[in-house]
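Geometric and topological summary
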Amino acid sequence: MGRYIFVKSERKIKLEFKKAFEIIIGKVEEELVKQGYQKQKVAADNGEELVALFTSENLAYSVVYYKKKEQMVLRSCTMTEDGPDNEWKTLATWLYDELVGTQKDAESIANDFVECVSNSVAIKRAKQIKQKKKKDDDGTADPKFLAKRFVTFFPELKDEIKNEEDCYFPFRGATFAKEHIAPKIDMYIKRSSKAEVKKLADVFNLQYGNGDIDTRSIITIVLLNSLEQEEFDVLSECFEDELKLAAAAARKYKGKTVKPEAPKKKNMSKANTLVQK
């Protein structure tokens, strides 16, 4: 059951529901982008309802304002290959009357919604949905998708990614990560608080879980192996079990050149015998 909370305003400056909605989805988007979600284009405002949709590979979140009911609603559902399955579960509901509602009220709603999508319950929810997928499913998030997930932490990457796209095809995922992302991560960890490091680790966890084989290799061999041991230890404390094991295994190759495995020589006598038969 979602929470149902009445908003009580003590301030005199009223805030139109559209402005309140913008404040709320702005803060929700900021949090979800850090977790690898993307904001999707949805149906335009019909005058009676406002909708914002955020999706990842496994889960979708939606913020809706129902004008007639004067309700701000946060809900979630599972993603399918065709998009949200539309079996929405309400996570939180607030009343917002623009005749008395203020910016302070909108920010309170936004903070509650952000907590709902970022706390341990939300993480557990995402894990449970992910576990329902087949074990042999390969991730689909590619290296370019991975690079874009770090723009929230390093805004300058936006222009660097565009330059890479303009100058090279296909996108040089490993080279770009080594030259543009890896140096920034090391410095970020050194100057960040535990909470900030945790948010960065959450991106690694999510993208490793959703990534294709190239993306996973870039995360472990390129990005994580670029870190000095102290920074690696700090970040890896926040890793989920799957990434923690993979990162530890990849760490053995730090500083080493990994050569491709030489093709095995055929046993000609055995091959000839098989042919003769």
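Residues numbered from 1 in each chain as written. Predicted model: local features only at pLDDT ≥ 70, side-chain atom pairs only at ≥ 80, totals over all residues. Heavy atoms only, no water.

Re the pattern of salt bridges
Counted under the stated rule, the structure contains seven salt bridges. Here K198 ties to D202 by a salt bridge, and the two come within 2.8 Å at their closest N and O atoms. With K198 and D202 both in helix 7 (residues 194–210) and four residues apart, the pair spans about one turn of that helix. Judged by its relative accessible area of 30%, K198 is partly exposed. The partner of R216 in a salt bridge is E242, and the shortest N-O contact between them spans 3.1 Å. Of the two residues, R216 sits in helix 8 (residues 213–223) while E242 sits in helix 10 (residues 241–251), which places them 26 residues apart along the sequence. (Salt bridge = Lys/Arg side-chain N within 4 Å of Asp/Glu carboxyl O. Helix = DSSP H or I, 4+ residues; strand = E, 2+ residues; numbered from the N terminus. Buried < 20%, exposed > 50% of the residue type's maximum accessible area, 1.4 Å probe, protein only.)

Some words on the packing of helix 8 against helix 10
Taken N-terminus to C-terminus, the directions of helix 8 and helix 10 make an angle of 55 degrees; their axes are 9 Å apart at the nearest point. Between helix 8 and helix 10, the angle is such that the two are oblique. Considering only the axes of helix 8 and helix 10, their crossing is right-handed. Contacts between helix 8 and helix 10 involve R216, I219, T220 and I221 from the former and E242, L243, A246, A247 and A250 from the latter. Residues belonging to the contact of helix 8 with helix 10 are distributed by class as follows: six nonpolar, one polar and two charged. (Axes fitted to C-alpha atoms, helices over the stretch in contact; angles between N-to-C directions. Parallel < 35°, antiparallel > 145°, perpendicular 65-115°, else oblique. Left-handed = near helix turned anticlockwise from the far one by under 90°. Contact = heavy atoms within 4.5 Å. Nonpolar A, V, L, I, M, F, W, Y, C, P; charged D, E, K, R; others polar.)

Focus: the pairing of strand 7 (residues 89–95)
Taking burial as the measure, the seven residues of strand 7 include five buried ones, the bulk of the element. Of the pairings in the sheet, the one linking strand 5 (residues 71–80) to strand 7 comprises six bridges and is antiparallel in character. Note on strand 7: the bridge partner recorded for V73 is T93. (Pairing = 2+ DSSP bridges.)

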